[in-house]
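Inside the fold
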Amino acid sequence: MALNLNKNLKLYYSIREVAEMFGVNESTLRYWEQEFPYLKPKVSGSAKIRQYQEKDIEQIRLIHNLVKVRGFKLAAAKKIINSNRDGADRKAEVLTRLMDIRSELQALKKQMDYL
């Protein structure tokens with residue numbers, strides 16, 4: 001078995017954790033699962049507890065970017081994803097990185113304001 005160097009990396013995330021990551025309701029994630037057939041988290045037990053893996057979270061990141069950030073309707077988001085999956089994935093990655101950089105810059109500005 002390989003050594004896990006990243007102690008913060010989890011194999012599975014609950015629906016509540018994923019909903020908090022993206023600032024959406026759990027019901028929104030369940031609805032997206034119905035609308036986007038490739039979004040299939042592992043469901044276990046008689047209580048049907050959803051367990052999201054990193055690959056599922058990446059799918060949600062793409063859907064979230066198209067629907068919540070860019071304002072596309074679900075039908076348009078499906079069409080974009082189905083017609084240009086790689087391009088949509090890359091754009092989502094770039095947008096996520098830019099948002100991270102923006103947060104870092106805002107934190108730096110806040111620190112500079114204190115000086």
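Conventions and cut-offs
- Residues numbered from 1 in each chain as written.
- Predicted model: local features only at pLDDT ≥ 70, side-chain atom pairs only at ≥ 80, totals over all residues.
- Heavy atoms only, no water.
- Helix = DSSP H or I, 4+ residues; strand = E, 2+ residues; numbered from the N terminus.
- Buried < 20%, exposed > 50% of the residue type's maximum accessible area, 1.4 Å probe, protein only.
- Contact = heavy atoms within 4.5 Å.
- Polar contact = N/O pair within 3.5 Å; in protein donor to acceptor, adjacent residues only side chain to side chain.
- Arc of directions from axis to C-beta.
- Patch = residues over 30% accessible without salt bridge, like charges linked within 9 Å, V, L, I, M, F, W, Y side chains within 5 Å.
- Areas by Shrake-Rupley, 256 points an atom, 1.4 Å probe, with all protein chains shown as cover.
- Salt bridge = Lys/Arg side-chain N within 4 Å of Asp/Glu carboxyl O.
- Core = buried A, V, L, I, M, F, W, Y, C linked by side-chain atoms within 4.5 Å.

**Observations regarding the environment of Tyr12**
Looking at the secondary structure, you find Tyr12 in the segment before helix H1 (15-22). Since its relative accessible area comes to 30%, Tyr12 is described here as partly exposed. Residues Tyr12 and Glu54, spaced 42 residues apart in sequence, show a C-alpha to C-alpha distance of 7.7 Å. Beyond its immediate chain neighbours, meaning those up to four positions away, Tyr12 contacts Glu17, Lys42, Gln51, Tyr52 and Gln53. Reaching out from Tyr12, the side chain makes a polar contact with the side chain of Gln53 at a distance of 3.4 Å.

**What to know about helix H2 (residues 26-35)**
Along H2, the residues that are buried comprise Thr28, Leu29, Trp32 and Glu33. End-on view of H2: buried residues confined to an arc of 145 degrees, all on one side of the axis. Looking at the buried positions of H2, the neighbouring elements they touch are H1, strand E2 (49-51), helix H3 (54-69) and helix H4 (74-83).

**Things to note about a nonpolar patch on the surface**
Residues Val94, Leu98, Ile101, Leu105 and Leu108 make up a contiguous nonpolar surface patch of about 450 Å² in total accessible area. On the accessibility criterion, Leu105 (52% relative accessible area) is exposed.

**Concerning the nonpolar core**
Counting residues in hydrophobic clusters, the biggest one holds 20 residues, and the most contacted among them are Val18, Leu29, Trp32, Phe36, Tyr52, Ile60 and Ile63. The set of elements that each furnish at least two residues to this core consists of H1, H2, H3 and H4. The element contributing the most residues to this core is H3, with six residues. If we ignore the near neighbours within four places in the chain, the residues touching Leu29 are Ile15, Val18, Ala19, Val24, Tyr52 and Ile60.

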